[in-house]
Structures are given as structure tokens and as C-alpha cells.
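Chain by chain, the residues:
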Amino acid sequence: MENKKIGLTNDKLSYCPGCLHGIAHKLVAQVLEEMDEVDNTIGVAPVGCAVMCYKFFNCDMQEASHGRACAVATGIKRVRPDNMVFTYQGDGDLTSIGIAETIHAANRGENITVIFINNANFGMTGGQMSPCTLMSQKTTTSPMGRNAQMHGYPIKMSEILKEVKGVAYVSRVTLTNPKNVMEAKRAIRKAFDYQKAKKGFSLVEVLSTCPINWGKKPTDAIKWLEEEMIKEYPLGVFKDIGGKE
């Protein structure tokens, strides 16, 4: 059997119907193919739905403990500075136990790329509230909806990281239609281009769906993302140092 793509293995994707992880995987793989970097790339995947991606990417992959992907990626990149190094993380990982690892890696200007999948809940473990869960959104641990007094407000990582000096590029994209998919691919390409140019830390936040845990049909999940998530997490480029070193 021939490979689906050079950047992806032949393993059948195991994500739930309507989940957008598969599209995100394809975009990362396509970018690495086009840059001729697949064989030179090391990915890091921690706990959560993201941990399964080591079966799907056709590059070297390293598993990390929950939240520690940026720390592991830092060690790999410092030992192997000529390799492309990326992490692939969900919001239940990156913005909760991993928030310190992420911010400090960004503050040090570590020359790594982070692909951050934000679906507003802990997807793998049953749909618990994450730091990115929207206000009033119901989850298994916020059955009455997220409440600011009890739970605080949604964490906006792209907006936070744009203020960090070591960051070269931060953008927020989504995958709900062909236009958005192409914009997401351009953002991912720029993030990897900046790493190759040794400009510093880059992160692409991808707003994604979780139909099973949201209790929605795939089409309704897309609609909810477009109508509700994007209001809370507006799309766009938050930082781009361009030609500056």
C-alpha cells in the first residue's frame, strides 16, 4: 500500500466523526512535505487526543508527559538545532498543566513551533471543562455552564503570547471551510519558515470541533464553532516580527 502522503503514515485516523484533527494533521504534513523537511522533523505529542498523532505523522515523534511538550521540545531542539521541532497539543494540555511550560519556552524564544488545537474541553478524558471552555458552556464538570465567579474566564493564549518578547509569530485560525483551511495552511507554513530562519518561538492556534463531547452533530458543531467560539476567540495574526531578528 502506498503512503497517503509522504508526511502521513497509512494508519487509519482514529478520531471521532466530525473532529478536525485529521485536517490539521494533513496541513502540517503538507507543509513539511513542501519544505522537504519530513525526514528532518521531530514532533512532540503529550497526553490527550494529540498523543495519538505519533501513529499518523511520518516523521520522528516523541511522547511527553501531560503539559510538558514545550519542555521536551526545548531539550530536543537545543541538542539537535538543525532539526525542525514541533509540538502538537490540545487546550486541555497546553492551557492547563502546560501553561507555564509554554509561556516560559516562548519567553526564552525557543526556536520551536507549537500547533495548538483548541476545542474548548478535555476531549480524550470525557469532555471536562478546560481553561478554554466558553462562558456558560456546559461540560461534564460544569453541567450548569462555565461561571466566571466559580471557574474564571476563558484563557486566550494567542493574546497572551503576543506580549511575550521571545515570540516571533502567533496566529489563530480554524478549519471550518476551504478558505479557512487555506489560511490555516499559510499560517502553519509561516510558523515553520520562521523556525527554519531561527527567528524564535511560533504558535498557531487552531479552533477545532469536538462533536461527541459537545453533544452535537458534526455539522452543528461547525456552526457552533463559527457562531460562538470565534466570537470569544477571534481569528487573525496576533504577532508577526516579519524580517526582524
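Notes on the structure follow. (Residues numbered from 1 in each chain as written. Predicted model: local features only at pLDDT ≥ 70, side-chain atom pairs only at ≥ 80, totals over all residues. Heavy atoms only, no water.)

**Here's the deal with helix α1 (residues 21-34)**
- Its 14 residues place the ends of α1 20 Å apart at the C-alpha level, agreeing with the 20 Å of an ideal helix rising 1.5 Å per residue.
- Of all 14 residues making up α1, ten are buried, and the element is well covered by its neighbours.
- Looking at the residues trailing α1, positive phi occurs at Asp36, about 55 degrees. (Helix = DSSP H or I, 4+ residues; strand = E, 2+ residues; numbered from the N terminus. Expected span 1.5 Å × (residues − 1). Buried < 20%, exposed > 50% of the residue type's maximum accessible area, 1.4 Å probe, protein only.)

**A short note on the packing of helix α2 (residues 69-79) against helix α4 (residues 99-107)**
- Where α2 meets α4, the axes come as close as 7 Å, and the angle between the chain directions of the two elements is 40 degrees. Residues Cys70, Ala71 and Thr74 of α2 form the contact with α4, whose participating residues are Glu101, Thr102 and Ala105.
- Taken together, the residues that form the contact of α2 with α4 break down as three nonpolar, two polar and one charged. (Axes fitted to C-alpha atoms, helices over the stretch in contact; angles between N-to-C directions. Contact = heavy atoms within 4.5 Å. Nonpolar A, V, L, I, M, F, W, Y, C, P; charged D, E, K, R; others polar.)

**A few points about α4**
- Those residues of α4 not exposed but buried are Thr102, Ala105 and Ala106. One side of α4 holds all its buried residues, which, seen down the axis, span an arc of 100 degrees.
- Structurally, α4 contributes buried residues whose contacts are with α2, α3 (91-97), α6 (157-161), β5 (167-174) and β6 (201-207).
- A positive backbone phi angle near 70 degrees is found at Gly109, which sits one or two residues after α4. (Arc of directions from axis to C-beta.)

**Concerning unusual backbone geometry**
- With a phi angle near 65 degrees, Ala120 is a residue other than glycine that sits in the positive phi range.
- Mapped onto the elements, Ala120 comes out in the loop between β4 (113-118) and α5 (148-151).
- A positive phi angle is found at Ser136, which is not glycine, with a value near 70 degrees.
- Along the chain, Ser136 falls in the loop between β4 and α5.

**A word on the pattern of salt bridges**
- Considering all chains together, one arrives at 13 salt bridges under this definition.
- Linking Arg108 and Glu110 is a salt bridge whose minimum nitrogen-to-oxygen distance equals 2.6 Å.
- When its relative accessible area of 6% is taken as the criterion, Glu110 is described as buried.
- In this structure, the salt-bridge partner of Lys156 is Glu232, at a minimum N-O distance of 3.5 Å. Note that Lys156 is positioned in the loop between α5 and α6 and Glu232 in helix α9 (residues 218-232), a separation of 76 residues in sequence.
- Each of Glu34, Lys185, Arg189 and Asp193 takes part in a single network of salt bridges with overlapping partners. (Salt bridge = Lys/Arg side-chain N within 4 Å of Asp/Glu carboxyl O.)

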